[in-house]
Amino acid sequence: MTTLIYTHDACLEHKPGAGHPESPERLKAVLRALRTPEFDGAEWREAPMGTREQVLMIHTEDFVTDVEDASPHRGTMPLDGGDTVMSPGSLEAVMRCVGAACAGVDAVMDKEAHNVFCATRPCGHHAEPNKAMGFCIYNQAAIAGAYAYDVHKLERVAVVDFDVHHGNGTQAAFYDRPELFYASSHQSHFYPGTGSEAETGVSHNIVNVPLPRGCDSALFREQIAAKMLPAIRAFNPELLIISAGFDAHHLDPLAGLNLQDDDFDWVTRELLKIADETCEGRVVSILEGGYSLEGLASATAIHVKALMDH
Ligand SMILES: [Zn+2]
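Residues numbered from 1 in each chain as written. Predicted model: local features only at pLDDT ≥ 70, side-chain atom pairs only at ≥ 80, totals over all residues. Heavy atoms only, no water.

## Some details on the coordination of the zinc ion
Donor atoms from the polypeptide that bind the zinc ion are Asp 163 (OD), Asp 163 (OD), His 165 (ND1) and Asp 247 (OD), placed at 2.0 to 2.7 Å. The coordination sphere of the zinc ion comprises four donor atoms, whose angles at the metal cover 52 to 153°; the geometry is irregular. When the donors of the zinc ion are listed by position in the chain, the intervening gaps give D-x1-H-x81-D. Taken together, the residues His 165 in the loop between β6 (157–161) and α6 (168–174) and Asp 247 in the loop between β9 (239–244) and α8 (261–279) connect sequence positions 82 residues apart. You'll find His 165 and Asp 247 in the same group, each marked buried. (Donors = N, O, S within 2.8 Å, 3.2 Å for Na, K, Ca; no water. Tetrahedral: all angles 85-135°; square planar, octahedral: opposite > 155°, others 65-115°. Helix = DSSP H or I, 4+ residues; strand = E, 2+ residues; numbered from the N terminus. Buried < 20%, exposed > 50% of the residue type's maximum accessible area, 1.4 Å probe, protein only.)

## Some remarks on the pairing of strand β1 (residues 3–7)
Across the five residues that make up β1, a large majority, five, are buried. Of the two faces of β1, the one lined by Thr 3, Ile 5 and Thr 7 and the one lined by Leu 4 and Tyr 6 are each fully buried. Bridge count between β1 and strand β5 (residues 115–118): four bridges; the pairing is parallel. From the neighbouring strand, Tyr 6 faces β5, where its bridge partner is Cys 118. Examined bridge by bridge, β1 and strand β2 (residues 43–46) share four bridges and lie parallel to one another. Note that in β2 the partner of Tyr 6 across the bridge is Arg 45. You can see the chain leave β1, run along helix α1 (residues 24–34) and come back into β2, and the turn it takes is right-handed. (Pairing = 2+ DSSP bridges. Right-handed = clockwise from strand over helix to strand, strands pointing away.)

## Remarks on the side chain of Asp 163
Along the chain, Asp 163 turns up in the loop between β6 and α6. For Asp 163, which is buried and forms no salt bridge, the nearest opposite charge comes from Arg 26, at a distance of 6.7 Å. Polar side-chain contacts of Asp 163 include one of 2.8 Å to the backbone nitrogen of His 165. Those residues in contact with Asp 163 that sit more than four places away from it in its chain are His 125, Ser 185, His 186, Ser 243, Gly 245, Asp 247, Glu 288 and Gly 289. (Lys, Arg positive; Asp, Glu negative; His and termini not counted. Salt bridge = Lys/Arg side-chain N within 4 Å of Asp/Glu carboxyl O. Polar contact = N/O pair within 3.5 Å; in protein donor to acceptor, adjacent residues only side chain to side chain. Contact = heavy atoms within 4.5 Å.)

## A look at the sheet that holds strand β10 (residues 283–287)
Pairing within the open sheet is parallel, and its eight strands lie in the order β2-β1-β5-β10-β9-β6-β7-β8. Where the open sheet ends on each side, the last strands, each with one partner, are β2 and β8 (206–211). Ignoring strand direction, the axes of neighbouring strands in this sheet form an average angle of 15°. Two elements, β9 and β10, share five bridges in a ladder whose sense is parallel. Considered in β10, the bridge of Ile 242 is made with Ser 285. Along the sheet, helix α9 (residues 293–309) contacts β1, β5, β9 and β10; its crossing angle with β5, the most-contacted strand, is approximately 165°. (Axes fitted to C-alpha atoms, helices over the stretch in contact; angles between N-to-C directions.)

## Topic: the packing of helix α4 (residues 90–109) against helix α5 (residues 140–150)
α5 packs onto α4 with a crossing angle of 40° between their chain directions and a minimal axis gap of 9 Å. Along this stretch, α4 crosses α5, giving a crossing that reads as right-handed. On the side of α4, the interface is formed by Cys 97, Val 98, Ala 101, Cys 102, Val 105 and Asp 106, while α5 contributes Gln 140, Ile 143, Ala 144, Tyr 147 and Ala 148. Looking at the contact of α4 with α5, its residues break down into nine nonpolar, one polar and one charged. (Left-handed = near helix turned anticlockwise from the far one by under 90°. Nonpolar A, V, L, I, M, F, W, Y, C, P; charged D, E, K, R; others polar.)

## A closer look at α8
Helix length check: α8 (19 residues) gives 27 Å between terminal C-alpha atoms against 27 Å at 1.5 Å per residue, within 8%. When α8 is considered as a whole, its buried residues turn out to be Asp 263, Phe 264, Trp 266, Val 267, Thr 268, Glu 270, Leu 271, Leu 272, Ile 274, Ala 275, Thr 278 and Cys 279. Contacts from the buried residues of α8 go to β5, β6, α7 (217–235), β9, β10 and α9. A positive backbone phi angle near 55° is found at Glu 280, which sits one or two residues after α8. (Expected span 1.5 Å × (residues − 1).)

So yeah, pure geometry; function would need other evidence.
Laid out in structure tokens, this is it:
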């Protein structure tokens, strides 16, 4: 069994505008890093279109209709004040994100692959059931979790998020659903403002690990090992989904944590160990943030290499 990498050229056609940090250049940098001989062992697949039915597993019908109606024929259309905008290619891009995430779930559940990486954009974890925000339109990681529950009839699905921002959207979608677990490490007192340790969900199915500005490798590993890994093990997931953001990297221009490439290798391998113990190694990892092209490319490559080595 192998690692599958899903991507699609349509994900380069979401164009939020000149100077926007969530640019097509991000995915180009990731693809350049992954299309090297080191990754020859992975199998590439074109991301299918997601379906409206999949999107509605997390998002409200009114919101989905609003997004579809906002999709512009030219220029850009803001969805939340200006951070999150749609261009003519955005709707297909986000439907490819959703399709990749759900196809990734199918592939690991059907044992076509050991694990999956979705090299797709835009990111999704800030998108709430009825709201686009923080560069995110639909929440593909949350949708993948709900899809695994609804379609594959899993009873416990975990999303683990090491993006430097708190995934308020995934937390909001999972808060009252004990079968869906969300754990996040993120910079505290930072966008979007949620993610305190006091936000625990309906059944301790939400675990937040806020980290101070300047957090280095040693503190990151200590906090993850003490607070996040035991909680995931205790939840005993049947599928582990990773919201893989790389903006906690020390090179990232938007955030203030100080992680090195090796930390992304370490956290990936720790999560794979848990997946081996609880769910035969089933992992679907989905690209979230990361705004230093150099840091994003190197950390993503290390993350995917860890998935492949496993
Ligand atoms: Zn982020």
